[in-house]
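Fold and contact review
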Amino acid sequence: MAIALLLAVGAAMATTGSEPLLNRQDRPWQPAAPAVQTPLWPKGLSIAAPALPGKEVFGTGRGQIAGLPVTVVQHVSVPTMTIYRPSGKNTGAAVVVFPGGGYRVLAIDLEGTEVCDWLTPKGITCVVLKYRVPGSGPYWNEECNCRREPIEPMALQDAQRAISLLRQQASALGIDPHKIGVIGFSAGGRMVADVSNHARRSYSPVDAADRESVRPDFAIALYPGHLWKQPGLTLDPGVKIDPHAPPTMIIQAENDPTDDIRESLTYYLALQQAKIPVEMHLYAKGGHAFGLRKTTDPITGWPSLAERWMSTIGIVPSTSP
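Let me begin by describing the structure that accompanies this report. All residue numbers here refer to positions counted from 1 along the written sequence of the relevant chain. In keeping with the model being predicted, local features are shown solely for residues with a pLDDT of at least 70 and side-chain atom pairs are shown and tallied solely at 80 or more, while totals for entire chains, interfaces and linings include all residues. Side-chain numbers here rest on the full set of heavy atoms in the structure, without hydrogens or water.

Before going further, it helps to examine the overall build of the chain. The helix and strand labels rest on DSSP assignments: H or I over at least four residues marks a helix, E over at least two residues marks a strand, and numbering proceeds from the N terminus. Within the chain one finds seven helices and 16 strands. In this treatment the radius of gyration is a C-alpha quantity, and the globule benchmark scales as 2.2 Å times the residue count to the 0.38 power. The C-alpha atoms of the chain give a radius of gyration of 18 Å, which matches the 20 Å a tight globule of 321 residues would have. Dimensions of the chain, computed from the C-alpha atoms along their principal axes, are close to 50 × 45 × 35 Å. For the chain, buried positions account for 57% of its 321 residues. Carbon and sulfur atoms make up 55% of the accessible area of the chain, which amounts to about 13,200 Å² in all. A residue counts as positive if it is Lys or Arg and as negative if it is Asp or Glu; His and the chain ends are not included. Charge placement uses NZ in Lys and CZ in Arg. For Asp and Glu, CG and CD serve respectively. With 29 positive and 28 negative side-chain charges, the chain shows a spacing of 4 Å between the two charge centroids. Summary of the burial criterion: residues with accessible area below 20% of their type's maximum are buried, those above 50% are exposed, and those between are partly exposed, where the area comes from a 1.4 Å probe applied to protein chains only. Note that accessible areas follow from Shrake-Rupley with a 1.4 Å probe, and for residues the cover is restricted to the protein chains shown.

With respect to the helices and strands, Glu143 occurs in the loop between β9 (139-141) and β10 (146-148). Taking the relative accessible area as the measure of exposure, Glu143 reaches 67% and is therefore exposed. Separated by 27 residues in the primary sequence, Glu143 and Cys116 have C-alpha atoms spaced 36 Å apart.

By the criterion of burial, helix α5 (residues 187-196) is predominantly enclosed, with 10 of the 10 residues buried. Among all positions in α5, only Ala187, Gly188, Gly189, Arg190, Met191, Val192, Ala193, Asp194, Val195 and Ser196 are buried.

So, on to the packing of aromatic side chains. Under the pairing criterion, centres of Phe, Tyr and Trp rings, with the six-membered ring standing for Trp, must be within 6.5 Å; the plane angle then separates stacked pairs below 30 degrees from edge-to-face pairs above 60, leaving the rest tilted. In total, this model carries six aromatic pairs according to the counting rule given. Ring geometry for Trp41 and Tyr203: centres 4.7 Å apart, planes at 80°, overall edge-to-face. Linking Trp41 in the loop between β2 (36-39) and β3 (57-65) with Tyr203 in the loop between α5 and β12 (218-222), this pair joins segments that are 162 residues apart in sequence. Under the relative-accessibility criterion, Trp41 is labelled buried at 10%.

Our next topic: the nonpolar core. Phe98, Ile183 and Trp302 are the most contacted members of the largest nonpolar core, which totals 79 residues. Per-element accounting of this core gives the leading share, seven residues, to helix α3 (residues 154-168). Every residue pair with non-hydrogen atoms within 4.5 Å of one another is taken to be in contact. Filtering out sequence-adjacent residues up to four positions away, Phe98 remains in contact with Glu111, Leu129, Tyr131, Ala159, Val182, Ile183, Gly184, Phe185, Gly188, Met191, Val192 and Val195. By nonpolar core is meant a set of buried Ala, Val, Leu, Ile, Met, Phe, Trp, Tyr and Cys residues that side-chain atoms within 4.5 Å join together. Judged by nonpolar contacts, the second largest core, of 11 residues, contains Ala193, Ile250, Tyr267 and Val278.

We now examine helix α6 (residues 261-273). The first and last C-alpha atoms of α6 sit 19 Å apart over 13 residues, in line with the 18 Å expected at 1.5 Å per residue. Listing the buried residues of α6 in full gives Ile261, Glu263, Ser264, Thr266, Tyr267, Ala270 and Leu271. Those residues of α6 hidden inside the fold are in contact with α5, β13 (228-229), β14 (234-235), β15 (248-253) and β16 (278-283). Polar contact is defined as a pair of N or O atoms within 3.5 Å, subject to the rule that within protein one atom must be able to donate a hydrogen and the other to accept it, and that residues adjacent in sequence are counted only when both atoms are side-chain atoms. For α6, the N-terminal cap is Asp260; the gap from its side-chain oxygen to the backbone nitrogen of Arg262 is 2.8 Å. Following α6 by one or two positions, Lys275 adopts a phi angle in the positive range, close to 65°. Under the convention used throughout, the expected extent of a helix is 1.5 Å for every residue step, that is, one less than its residue count.

Turning our eyes to something else, we now look at the side chain of Thr60. Relative to the helices and strands, Thr60 is located in strand β3. Judged by relative accessible area, which is 18%, Thr60 ranks as buried.

Apart from glycine, the bulk of residues carry a negative phi angle, and the bulk of peptide bonds sit in the trans form. A cis amide bond, omega 10°, links Ala33 with the succeeding residue Pro34. In the segment running from Val133 into Pro134, the intervening peptide bond is cis, with an omega of 5°. Relative to the helices and strands, Pro134 is located in the loop between β8 (125-130) and β9. Of note, the phi angle at Asn23 is positive, near 55°, even though the residue is not glycine. For Asn23, the location among the structural elements is in strand β1 (residues 22-25). A positive phi is found at His75, a non-glycine position, where the angle reads about 55°. Tracing the chain through its elements places His75 in the loop between β4 (68-74) and β5 (80-84). Residue His75 is classed as buried on the basis of its relative accessible area, which comes to 10%.

It is worth spelling out the sheet that holds β4 at this point. We call two strands paired when DSSP finds no fewer than two bridges between them. Within the open sheet, the four strands sit side by side as β1-β3-β4-β7. Their pairing is antiparallel. The open sheet has two edge strands with one neighbour each: β1 and β7 (105-107). Each strand of the sheet is rotated relative to its neighbour by a mean of 30°, with strand direction disregarded. In this structure, β1 lies alongside β3, joined through two bridges in antiparallel fashion. Among the inter-strand pairings, Gln25 is bridged to a residue of β3, identified as Phe58. Here an axis means a line fitted to C-alpha atoms, over the contact stretch when the element is a helix, while the angle between two N-to-C directions is reported on a 0 to 180 degree scale.

A word on the side chain of Gln157. Take Gln157: it is sitting in helix α3. Those residues in contact with Gln157 that sit more than four places away from it in its chain are Trp41, Arg132, Glu152, Ser202 and Tyr203.

So, to be careful, I would describe these as geometric facts and stop short of saying anything about function.
This is how it looks when you write it as C-alpha cells:
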C-alpha cells in the first residue's frame, strides 16, 4: 500500500509537484460544509511563491491506501486553513494538521480531513493547513538528484501564521489559546519539528495576529521525514532543538520504505537529550502513509495512544484505561 501511494504521489511529480490525476479538478480544493476555509494571509499581501508556481488543481492519485483513493492537491500558492468545529463536547483543545506529500503535493484527505473526522467527535477543534507547495520545505529534486532548500521557509511560515491566527481567534472559536497543538505526516512531520523548535517568527509581522506566539503547545509527528543525516543518528542541521519545545509524540513503522526509521529515532534522541518530554511508538509493520485508515496492522490503532497521551499532558480530559 505504501509503495503504491509513493508511486502515485511521488514518482511523476519530481520538481514540478505535478502528476496525472484521476478525476482532475482545475480549481482550488474546497472542504465540504460546514467546515470553513479562510486565507492565511491578508488579501493583496505579497508572499513568496512556490518553487514552480502553477494553477491549483486537485484530484485522486493512482494508488490506494486501505482500498481507498487519496485526494491530492497540487500547486498551492494561496495557503488556507480549514476549521472543523468540535461535534463532541468542546474540550477547548485545537490541533493544526500538516498533510504530507514531500513538500511537493498535499495528501489532503488521507493526512488532512480524515484526521478531523477522528478529532472533532473527541471535542477537539481541527484545522487543516493547505500550505504552499511545491518546494516550500527541504525536498528532493529529481532533476539534479539532489536535495533543495527553499529561499524562504514557506511551509514554516504558513504553519506559524495558522497558529497565530488561532490564538487571536481563540475566544470566538471556543479554543484555549494554551492548548493548540500540531500533527503532521511525513513532510508534515518535519513541519512539526520546525514549528516546535522556532520560537521566532520566520516572517515579518503583517497584522495584529502576529503579536501572538507561533509555538504549539503539543506536537505529534507520524513517519516524519527530512530529519536524519547520515552517518549514525545525526539530526539534520536545519533543525535546532529549542529548550522550550513542546511535549512531543512520534509514531512510525520499522518497515517504512520512504522515510527510514532513523528519522524518528534521531529526532527522539535529540528531544530526549534536550530534556523535552517525548514519547515514541515504533511498530514492526505499517509501511508509509497509512494515515488513520484501518488495516490489519496494529499500527493503525495509534489514535487511541495519541488520545491517551493528550490526556496525560493535560490537553484533554482523562480517558478510561
